[in-house]
Amino acid sequence: KKHNMAGPFLTPVDAVALGIPDYYAIIKHPMDLSTISNKYKNGDYANFDEFLKDVDLIWSNCYVYNSPSSDIVVMAKAIEKDVQCEVKKLHMKYQFPEHTLTKNDNQP
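Every chain is numbered independently, its residues counted from 1 as its sequence is written. In keeping with the model being predicted, local features are shown solely for residues with a pLDDT of at least 70 and side-chain atom pairs are shown and tallied solely at 80 or more, while totals for entire chains, interfaces and linings include all residues. Only hydrogens and water are set aside when side-chain values are computed; all heavy atoms of the structure are taken into account.

A. Representation of the overall build of the protein chain in the model. Numbering of helices and strands runs from the N terminus, with a helix taken as a DSSP run of H or I at least four residues long and a strand as a DSSP run of E at least two residues long. Secondary structure assignment for the protein chain yields five helices and zero strands. Each helix and strand of the protein chain, ordered N terminal to C terminal, gives the series α-α-α-α-α. Residue exposure (1.4 Å probe, protein chains only): buried if accessible area is under 20% of the type maximum, exposed if over 50%, otherwise partly exposed. Among the 108 residues that make up the protein chain, the fraction classed as buried is 33%. For accessible areas, the Shrake-Rupley method is used with a probe of radius 1.4 Å. Any residue's cover is judged against the shown protein chains and nothing else. Carbon and sulfur atoms make up 58% of the accessible area of the protein chain, which amounts to about 7,000 Å² in all.

So, in structure tokens, the structure goes:
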């Protein structure tokens, strides 16, 4: 949430406000940072990999829906790179099982 480009990813996509009525026809499993935060607070994640899977889904959805050269994809890639660096730091500090952030063809 602290990333300076996180704004578009903080809340669920408002397809009406954004004028993208086909969004939910294309993106079957939407995800955003506020949903992840709520799931975390509610104890919905059984492990770190479940959490990371939802984080990955944010970027995957962005890449599936938007043009590769769009500003939103550029923003997503920058945030994803920073997240990957933070995950690596967490692995080293807390010895989490190895996790590889991958594009997941939009599956939950």
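B. Layout of the environment of Ala78. When you line up the elements, Ala78 lands in helix H5 (residues 71-94). Distance in space between the C-alpha atoms of Ala78 and His3 is 9.5 Å, their sequence separation being 75 residues. Contact partners of Ala78, with chain neighbours within four places excluded, come to His3 and Met5. We call two residues in contact whenever any of their non-hydrogen atoms come within 4.5 Å of each other.

C. Structural detail: the pattern of salt bridges. In the sections that follow, a salt bridge refers to a side-chain nitrogen of Lys or Arg positioned within 4 Å of a carboxyl oxygen of Asp or Glu. The full count for this structure, using the stated rule, is one salt bridge. Linking Asp54 and Lys39 is a salt bridge whose minimum nitrogen-to-oxygen distance equals 2.6 Å. Of this pair, Asp54 sits in helix H4 (residues 48-65) while Lys39 sits in helix H3 (residues 33-41); the two residues are 15 residues apart in sequence, bridging distant segments of the chain. Among the residues examined, Asp54 registers a relative accessible area of 8% and is labelled buried. For Lys39, a relative accessible area of 25% puts it in the partly exposed group.

D. Inspection of H3 at higher detail. Inspection of H3 places Leu33, Ile36 and Ser37 among the buried residues, and these make up the whole buried set. Around the axis of H3, the buried residues are gathered within 100 degrees of arc, so they sit on the same side. Looking at the buried side of H3, the elements it contacts are H4. Within two residues after H3, Gly43 carries a phi angle of roughly 75 degrees, on the positive side. The arc in question is formed by the directions pointing from the helix axis toward the C-beta atoms.

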